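# Survey of secondary and tertiary structure
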Amino acid sequence: MGDVVDALRSSVARLQALVAGLSENQFAYPAYPREWSVADVLSHLGSGAVIMERRMQDALAGTTPPDDFAPTVWDEWNAKGPRAKVLDGLDADRQLQTRIDHLDVPARERFRFSLGPIVTDFEGFVGLRLNEHALHSWDVAVVFDPAAGLAAESVPHVVDNLALIAQYTAKPSGASKTVIVHTIEPVRHFGIGLQPDRVTVEPTDSASPPDVEMPAECFIRLVYGRLDPQHTPPLQADAATLDE
């Protein structure tokens, strides 16, 4: 499947190259989440990089950041102008990646990170950043290329983390059923458990006949709320099931 650190490094380089070609006027364009500009997305990634670097440092030291650390960082970045949001965001993104790249094997092996109900090792920690980075990079890329896709290197890692994000993003429809999803590129098999009070996304048996077949990238964007009619490639599913 490849290394998650390599995938994140590729995503960082891809975003740097994309933004390098933009004008300052384009920094103000609405991103995929229309309430955010391109500069706001870069600010979000930048402030997130600052926070993750501090959390990485504290995890290695066995300490925790002050409760007001993240809100203080958000306030600082929200006050920046569009140009600073973009340039500082790219700098913070590179700095976090450099810190990740330079962490030696013994430190990676002893690394443990916890945040609320999430407890993970080094690979899982980097995976959390990759999830965010890949999707928000797409939020910018699709502004300038409606056919843009997620970085191919990130897809196998992000698709295997969908159970984690779905418990926060999925909303019950009132139905009680299981929808079987098969993906390609890479091949994966999921059962979406719809219940009146919750939704789960879990790996399932490959022998289960699928209700929906789609590229893994499409399923990722569906779970993250980014598979609208204008950004949905051809796939095998009836409209009612896909809407549900």
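Residues numbered from 1 in each chain as written. Predicted model: local features only at pLDDT ≥ 70, side-chain atom pairs only at ≥ 80, totals over all residues. Heavy atoms only, no water.

## Thoughts on the overall build of the protein
The number of helices and strands found in the protein is eleven helices and six strands. In summary, the protein has a C-alpha radius of gyration of 19 Å against a globular reference of 18 Å for 244 residues, a match within 12%. For the C-alpha atoms alone, the extent of the protein along its principal axes is close to 45 × 45 × 35 Å. For the protein, the residues scored as buried account for 44% of the 244 residues in total. (Helix = DSSP H or I, 4+ residues; strand = E, 2+ residues; numbered from the N terminus. Rg over C-alpha atoms; globule rule 2.2 N^0.38 Å. Buried < 20%, exposed > 50% of the residue type's maximum accessible area, 1.4 Å probe, protein only.)

## Comments concerning the sheet that holds strand β6 (residues 212-215)
If you trace the four strands from one edge of the open sheet to the other, you get β5-β4-β3-β6, paired in mixed fashion. The sheet terminates laterally at β5 (198-203) and β6, the two strands that pair on one side only. Strand-to-strand twist of the sheet, defined as the mean angle between neighbouring strand axes without regard to direction, takes the value 25 degrees. By the bridge criterion, seven bridges tie strand β3 (residues 177-184) to strand β4 (residues 188-195) in an arrangement that is antiparallel. Residue pairing across strands places I180 opposite G191, the latter belonging to β4. Most of the contacts of helix α10 (residues 216-223) go to β6, to which it runs at about 105 degrees, and overall it touches β3, β4, β5 and β6. (Pairing = 2+ DSSP bridges. Axes fitted to C-alpha atoms, helices over the stretch in contact; angles between N-to-C directions. Contact = heavy atoms within 4.5 Å.)

## Examining helix α1 (residues 4-20)
Relative to the 24 Å expected for 17 residues at 1.5 Å per residue, α1 spans 24 Å between its end C-alpha atoms, a close match to the ideal helical length. For α1, the full list of buried residues reads V4, V5, A7, L8, S11, V12, L15, Q16 and V19. The inward-facing, buried residues of α1 contact α2 (24-27), α3 (38-61), α5 (82-101), α6 (105-110), α7 (122-144) and α8 (155-159). If you check the start of α1, you find a side-chain oxygen 2.8 Å away from the backbone N of V5, and it comes from D3. (Expected span 1.5 Å × (residues − 1). Polar contact = N/O pair within 3.5 Å; in protein donor to acceptor, adjacent residues only side chain to side chain.)

## Some words on the environment of T63
Here T63 is to be found in the loop between α3 and α4 (69-78). At a separation of 2.7 Å, a polar atom in the side chain of T63 contacts the side chain of D58.

## Section: the pattern of salt bridges
When charged atoms on two side chains of opposite charge get close, those side chains can pair. Applying the stated criterion across every chain yields a total of twelve salt bridges. Note that D88 and K80 form a salt bridge whose closest N and O atoms lie 2.8 Å from each other. Through salt bridges with shared partners, one network takes in D6, R9 and D101. (Salt bridge = Lys/Arg side-chain N within 4 Å of Asp/Glu carboxyl O.)

## Structural notes on the nonpolar core
Across soluble globular proteins, nonpolar side chains have a tendency to be buried as a group. Core analysis: the largest hydrophobic core is formed by 54 residues, its most contacted members being I100, F122, V181, I192, F219 and I220. The element that contributes the greatest number of residues to this core is α7, accounting for nine residues. I192 has contacts with K177, T178, V179, V181, V199, T200, V201 and F219, leaving out every residue within four places of it along the chain. Formed by 13 residues, the second largest nonpolar core is a distinct cluster that contains A39, L42, V86 and L90. (Core = buried A, V, L, I, M, F, W, Y, C linked by side-chain atoms within 4.5 Å.)

## Observations regarding the confidence of the model for the protein
Considering every residue of the protein, the mean pLDDT works out to 92; 99% of them sit at 70 or more. The weakest mean pLDDT in the protein belongs to helix α11 (residues 239-243) at 79; the strongest belongs to α5 at 98. (pLDDT = per-residue confidence, 0-100.)

## Quick look at unusual backbone geometry
With an omega dihedral of 0 degrees, the bond running from E185 to P186 counts as a cis peptide bond. Here P186 lies in the loop between β3 and β4. Within the chain, E185 stands out as a residue other than glycine whose phi angle is a positive 55 degrees. Within the element layout of this structure, E185 appears in the loop between β3 and β4.

## Things to note about the environment of A107
With respect to the element layout, A107 can be found in helix α6. A107 sits 92 residues away from V199 along the chain, and the two C-alpha atoms are 36 Å apart.

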